Amino acid sequence: MGWLTKILKGSIHKISEGQYHGKYEHDTIFEGPSNSVDEWSDFEKEELDRAIALSIAEEDDKGKKVIDNESQLDEDEQLAKALQESLNVESPPASPPPRPPQYDSGSFLSPYPFYYPSGFRICAGCNSEIGHGRYLNCMGAVWHPECFCCHACNQPISDYEFSMSDNRPFHKSCYKDLHHPKCDVCKNFIPTNAAGLIEYRAHPFWHQKYCPSHENDGTPRCCSCERMEPVDARYLILDDGRKLCLECLDSSIMDTHECQPLYLEIQEFYEGLIMKVEQQIPLLLVERQALNEAMEGEKNGHHHMPETRGLCLSEEQTVSTILKRPRIGGYRIIDMFTEPYRLVRRCEVTAILILYGLPRLLTGSILAHEMMHAWLRLKGYPNLSPDVEEGICQVLAHMWLDSEIIAGSSSSTMAPSSSSSSSASTSSASSGSSKKGKRSDFEKKLGEFFKHQIESDTSVAYGDGFREGNKAVLKYGLRRTLDHIRLTGSFP
């Protein structure tokens, strides 16, 4: 029955799907006969009838019939019937392809169906025709799979989901790297809280972001700039347990002798304000323990800071001072060289003590503050309330910082801060500039931070006192403000 091959050939049709719902998808191809016997030509029908008749009535070479009994006839008729039924059967539906991965654009944009006539799909990535291959339909356009790329890493996006930002696609991991905040301390992604929100802490000046857990897990802070120690950096450990970052260490003052040039600058600063301190007051750099012991032996003074970093003494006592710069080894102070110093009362002030190991600008602002305490006592000012005395001393510290920042700036036109009374101290700034030269960018930033600390202090004596005193100096000037304090014991 060689004719059977010809009859069963039929026609082949390719049917292409023209839509895409944010998925990878192949054009679907159906293969199989799609013509029924009813649609055949009369010639083909006659040829089929003749073939069937011949198969039934065929004789052998001797003239004998091949079909010589009724059972064989029934068998051939059943075969012919089955053949016709097989030609009338509809093409079976093709099984659907396995479900491909689906993209999710996150909270920004969801893909939607987009229709193109077959053969007219233009890739939004390369602007060439897609044809009948795989394609994506998302973001209002169609793409070759290799052209739909992450805006961050420029690699194709083949994940189940993707994220959108500014109408640009990203891998979810790349989007997280770019937009999910990382802790500046542990360098990990900041975790979400119980409500599923990203919660973190940030320093008000340095804007250092960190996980809330670091406030209670013993992560150290620099004793100068207050920044937390990150995992990829090391802080210097001072002998009293304080930690100092390497940036602050660059300009730190470590011993009494090293601090004397700065002391002379502060004295010149006061002279420029017509507030010269006539008496020779010893200046000593000391350790924390020596400072605390001296504070306990002092009858006068106001100490409301979280940690006392300077003292103006009026009593006779013996103080252990740092003789020379300590040695540093392996991020630690390994040798401290101290000696006892006997304070003798020759005037109302016996000495000024400053905590060692602090940067020059912080040491200078503390020294300017304590110098004002000394000046008030030596000029016979009455016992003042803490907010007035500490407030005016903070004003002088703030003024000195302003003068140093202006002097250390490379621009002579840099405007002074409107929130300070620096105009009164500008005349005394040139001496510090000539001795220290141009400030580094970090040191200038550090000076702004120390000013910020004074301005944002929340304590009654140091914070509120500074703001009231600074307001008075800006309005009436320093000299009139001091005269009013001498007469009334309060700010004008």
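Residue positions are given per chain, counted from 1 along the sequence in the order it is written. In keeping with the model being predicted, local features are shown solely for residues with a pLDDT of at least 70 and side-chain atom pairs are shown and tallied solely at 80 or more, while totals for entire chains, interfaces and linings include all residues. Side-chain metrics in this entry use all non-hydrogen atoms of the structure; hydrogen atoms and water are not considered.

1. Details of the environment of M371
Move 1: Segments assigned H or I by DSSP are reported as helices when at least four residues long, segments assigned E as strands when at least two residues long, and all are numbered from the N terminus. For M371, the location among the structural elements is in helix α8 (residues 360–378).
Move 2: Taking C-alpha positions, M371 is 9.6 Å from L311, a pair spaced 60 residues apart along the chain.
Move 3: Setting aside its immediate chain neighbours within four residues, M371 contacts Y263, I266, Q267, Y270, V277 and I352. Any two residues having at least one pair of non-hydrogen atoms within 4.5 Å are treated as being in contact.

2. Re the pairing of strand β14 (residues 318–328)
Move 1: Only when DSSP finds a minimum of two bridges between them are two strands counted as paired. Where β14 lies against strand β15 (residues 333–342), eight bridges are found, and the strand directions are antiparallel. Directly across from V319, in β15, lies its bridge partner Y341.

3. Focus on the pattern of salt bridges
Move 1: Note on definitions: salt bridges are taken to be side-chain nitrogens of Lys or Arg within 4 Å of carboxyl oxygens of Asp or Glu. The full count for this structure, using the stated rule, is 17 salt bridges.
Move 2: The partner of R325 in a salt bridge is E258, and the shortest N-O contact between them spans 2.9 Å. Pair noted here: R325 is in strand β14 and E258 is in helix α6 (residues 256–272), with a separation of 67 residues, a long-range link.
Move 3: Residue burial is assigned from relative accessible area. The probe radius is 1.4 Å, only protein chains are included, and a residue is buried under 20% of its type maximum, exposed over 50%, and partly exposed in between. For R325, a relative accessible area of 35% puts it in the partly exposed group.
Move 4: Measuring nitrogen to oxygen at the nearest pair gives 3.2 Å for the salt bridge that ties R345 to E348.
Move 5: Under the relative-accessibility criterion, R345 is labelled partly exposed at 36%.
Move 6: Residue classification places E348 among the partly exposed positions, given a relative accessible area of 41%.
Move 7: Each of E199, R201 and E215 takes part in salt bridges that share partners, so that together they form one network.

4. A word on the packing of aromatic side chains
Move 1: Each Phe, Tyr or Trp ring, with Trp reduced to its six-membered ring, pairs with another whose centre is within 6.5 Å; inter-plane angles below 30 degrees give stacked pairs, above 60 give edge-to-face pairs, and intermediate values give tilted ones. Going through the model one piece at a time under the given rule, you end up with ten aromatic pairs.
Move 2: Seen in terms of ring centroids, W143 and F148 are 5.1 Å apart; in terms of plane orientation they differ by 65 degrees. Their pairing is edge-to-face. A single burial state applies to W143 and to F148, both of which are buried.
Move 3: Between F205 and W206 the ring centres are 5.0 Å apart and the planes differ by 85 degrees, which places this aromatic pair in the edge-to-face class. No difference in accessibility class separates F205 from W206, as the two residues are buried.
Move 4: Members of the aromatic cluster, each reached through a chain of ring pairs, are F205, W206, F442, F449 and F450.
Move 5: A ring is considered to have a charge above it if a Lys NZ or an Arg CZ atom is located within 6 Å of its centre and within 35 degrees of its normal. Sitting over the ring of Y135, R121 keeps its end group 4.2 Å from the ring centre.
Move 6: Between the NZ or CZ atom of R242 and the centre of the ring of Y356, over which it lies, the distance is 5.2 Å.

5. So, α8
Move 1: In a helix, the anticipated span is given by 1.5 Å times the number of residues less one. The end-to-end C-alpha distance of α8 is 26 Å, a good match for the 27 Å that 19 residues give at a rise of 1.5 Å each.
Move 2: Most of α8 is tucked away: 18 of the 19 residues are buried.
Move 3: G380 lies just past α8 and shows a positive phi near 75 degrees.

6. Some points on the side chain of D240
Move 1: With respect to the element layout, D240 can be found in the loop between β9 (236–237) and β10 (243–244).
Move 2: Residue D240 is classed as buried on the basis of its relative accessible area of 19%.
Move 3: Pairs of N or O atoms within 3.5 Å make up the polar contacts considered here, provided that, within protein, one atom can donate a hydrogen while the other can accept it, and that residues adjacent in sequence are counted only when both atoms are side-chain atoms. Polar contacts involving the side chain of D240 include one to the side chain of R242, which spans 2.9 Å.
Move 4: Beyond its immediate chain neighbours, meaning those up to four positions away, D240 contacts R288, L355 and Y356.

7. Observations regarding the confidence of the model for the protein
Move 1: The pLDDT value tells you how sure the predictor is about a given residue, anywhere from 0 up to 100. Averaged over all residues, the pLDDT of the protein equals 75, while 68% of them reach at least 70.
Move 2: Low confidence marks residues 55–73, where pLDDT is under 50. Its contacts with residues over four positions away, or in another chain, come to 16 contacts.
Move 3: pLDDT under 50 marks residues 82–118. Its contacts with residues more than four places away, or in other chains, come to 80 contacts.

8. What to know about the sheet that holds strand β13 (residues 310–313)
Move 1: Ordered by their spatial adjacency, three strands build an open sheet running β12-β16-β13, and the pairing between neighbours is mixed. In this open sheet, the two strands that pair with only one neighbour each are β12 (283–286) and β13. Across the sheet, the mean angle separating the axes of adjacent strands is 20 degrees when strand polarity is ignored.
Move 2: Relative to strand β16 (residues 351–355), β13 runs antiparallel, the two being bridged by four bridges. When the bridges of β16 are listed, G310 appears paired with I354.
Move 3: Packing of helix α7 (residues 288–296) onto the sheet brings it into contact with β12, β13 and β16, and relative to β13 it is tilted by some 40 degrees. Each axis is a line fitted through C-alpha atoms, and for a helix only the stretch in contact is used; angles between axes span 0 to 180 degrees, taken between their N-to-C directions.

9. Describing the packing of helix α9 (residues 386–408) against helix α11 (residues 441–456)
Move 1: Close contact between α9 and α11 brings their axes to 10 Å; oriented N to C, the two are set at 160 degrees. Comparing the axis directions of α9 and α11 gives the class roughly antiparallel. Taken as a pair, α9 and α11 cross one another with a handedness that is left-handed. On α11, the residues that touch Q394, A397, H398, L401, D402, I405 and G408 of α9 are K444, G447, E448, F450, K451, I454 and E455. The cut-offs work like this: below 35 degrees is roughly parallel, past 145 is roughly antiparallel, 65 to 115 is roughly perpendicular, and the gaps in between are oblique. The crossing is said to be left-handed when, going from far helix to near helix, the turn is anticlockwise and less than a right angle, and right-handed when the turn is clockwise.

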